[in-house]
Amino acid sequence: MSACIFCKIVKKELPSSIIAEDENVLAFMDIMPARKGHILVMPKRHAETMLDVSEEDLAASMRMVKRVSVALQEAVHPPGFSVVQLNGEASGQTVFHIHFHIIPRKTGDGIAMKWSHETYLAGEMEHYRVKIAEALKAQSKTR
Ligand code: 5GP
Ligand code: ZN
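Residues numbered from 1 in each chain as written. Chains lettered and ligands numbered in written order. Predicted model: local features only at pLDDT ≥ 70, side-chain atom pairs only at ≥ 80, totals over all residues. Heavy atoms only, no water.

Asker: Talk me through the overall build of the chain; I want residue IDs and the actual numbers.
Answerer: Check the secondary structure of the chain and you find three helices and five strands. Helices (α) and strands (β) of the chain occur, in sequence order from the N terminus, as α-β-β-β-α-β-β-α. The C-alpha extent of the chain, read off along each of the three principal axes, is 50 × 40 × 25 Å. A buried classification covers 32% of the 143 residues belonging to the chain. A separation threshold of at least 6 residues defines the contact pool for the chain, and within that pool the share at least 24 residues apart is 51%. As displayed, the chain has an accessible area near 10,000 Å², and 58% of this comes from carbon and sulfur atoms. Once the 18 positive and 17 negative side-chain charges of the chain are each reduced to a mean point, those two points are 4 Å apart. (Helix = DSSP H or I, 4+ residues; strand = E, 2+ residues; numbered from the N terminus. Buried < 20%, exposed > 50% of the residue type's maximum accessible area, 1.4 Å probe, protein only. Contact = heavy atoms within 4.5 Å. Areas by Shrake-Rupley, 256 points an atom, 1.4 Å probe, with all protein chains shown as cover. Lys, Arg positive; Asp, Glu negative; His and termini not counted. Charge placed at Lys NZ, Arg CZ, Asp CG, Glu CD.)

In structure tokens form, the structure reads like this:
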């Protein structure tokens, strides 16, 4: 994807602070960290979101997320960390090349991933469950 800034980072057309890379995945420092030590992990092959990334690239990315998380813990010792991945503008995604955030956390750091809770009406949860389960079943038939 020629206009994608993360593809440009993959191709080294734009500079980045790389932590690790292999054939399929790049781990690098977020240039505007939510907290110092904020890391991004992405597949090198362009995909916008969870919906179009291949299972292979996703699995390779998650292996790197695991390795980099352990390294962050050993090197920086944050009291906690969040692994976050956004899909679509409504979720807050700003760069449309799928990536995982690994963000060091501490109590009261003000990073908001808190939500209030909706309440299901009678039968509503089952309605959602059935719709999603049926879509999943249809998906596995086409594979
Ligand atoms: P999103 O909101 O799409 O999940 O996150 C995009 C992330 O990419 C943001 O945290 C932002 O700071 C980071 N980012 C945007 N442009 C660049 C860049 O050119 N280089 C690096 N290293 N990070 C970037
Ligand atoms: Zn891209």
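Asker: Describe the coordination of the zinc ion (ligand 2), naming the residues involved and giving the relevant values.
Answerer: Donor atoms from the polypeptide that bind the zinc ion (ligand 2) are Cys4 (SG), Cys7 (SG), His46 (ND1) and His97 (ND1), placed at 2.1 to 2.3 Å. Taken in chain order, the donor set of the zinc ion (ligand 2) reads C-x2-C-x38-H-x50-H. In this pair, cysteine 7 is assigned in helix 1 (residues 5-10) and histidine 97 in the loop between strand 4 (80-84) and strand 5 (100-105), connecting sequence segments 90 residues apart. Histidine 97 matches cysteine 7 in its accessibility class, with the two residues each being buried. (Donors = N, O, S within 2.8 Å, 3.2 Å for Na, K, Ca; no water.)

Asker: Lay out the packing of aromatic side chains in plain terms, naming residues and giving numbers.
Answerer: For any pair of aromatic rings, geometry is given as the distance between the ring centres together with the angle between the planes. Applying the stated criterion across every chain yields a total of two aromatic pairs. Their ring planes at 90° and their centres at 5.4 Å tell us that phenylalanine 6 and phenylalanine 28 sit as a pair that is edge-to-face. Linking phenylalanine 6 in helix 1 with phenylalanine 28 in strand 2 (residues 25-29), this pair joins segments that are 22 residues apart in sequence. Where tyrosine 120 meets tyrosine 128, the ring centres are 6.1 Å apart and the plane angle is 55°; that geometry is what we call tilted. Residue tyrosine 120 is classed as partly exposed on the basis of its relative accessible area of 47%. Looking at tyrosine 128, the relative accessible area reads 45%, which means it is partly exposed. (Phe/Tyr/Trp six-rings, centres within 6.5 Å; stacked < 30°, edge-to-face > 60°.)

Asker: Report on the nonpolar core, specifying residues and quantitative values.
Answerer: With 12 residues, the main nonpolar core is built from Ala20, Val25, Ala27, Ile39, Val41, Ala60, Met64, Val65, Val68, Leu72, Phe100 and Ile102. For this core, the secondary structure elements donating two or more residues are strand 2, strand 3 (39-43), helix 2 (55-76) and strand 5. With five residues, helix 2 is the largest single contributor of residues to this core. If we ignore the near neighbours within four places in the chain, the residues touching isoleucine 102 are Gly37, His38, Ile39, Val41, Val65, Val68, Ser69, Leu72, Phe81, Ser82 and Val83. Ranked by size, the runner-up nonpolar core spans 10 residues in total, among them Cys7, Ile9, Val10 and Phe28. (Core = buried A, V, L, I, M, F, W, Y, C linked by side-chain atoms within 4.5 Å.)

Asker: Mind laying out the side chain of lysine 44, listing which residues take part and the relevant values?
Answerer: Considering the arrangement of structural elements, one finds lysine 44 in the loop between strand 3 and helix 2. Of note is the side chain of lysine 44, whose polar atom sits 2.9 Å from the backbone oxygen of aspartate 22. (Polar contact = N/O pair within 3.5 Å; in protein donor to acceptor, adjacent residues only side chain to side chain.)

Asker: Lay out the pairing of strand 2 in plain terms, naming residues and giving numbers.
Answerer: Two faces, one strand: in a regular strand the side chains alternate between the faces of the sheet. Extensive coverage of strand 2 is indicated by the burial of four of its five residues. Sheet topology note: the strand 1 (residues 18-21)/strand 2 ladder contains three bridges and is antiparallel. The residue bridging isoleucine 18 from the neighbouring strand is phenylalanine 28, located in strand 2. Bridging between strand 2 and strand 3 involves five bridges; their strand directions are antiparallel. By the bridge assignment, leucine 26 is partnered in strand 3 with methionine 42. (Pairing = 2+ DSSP bridges.)

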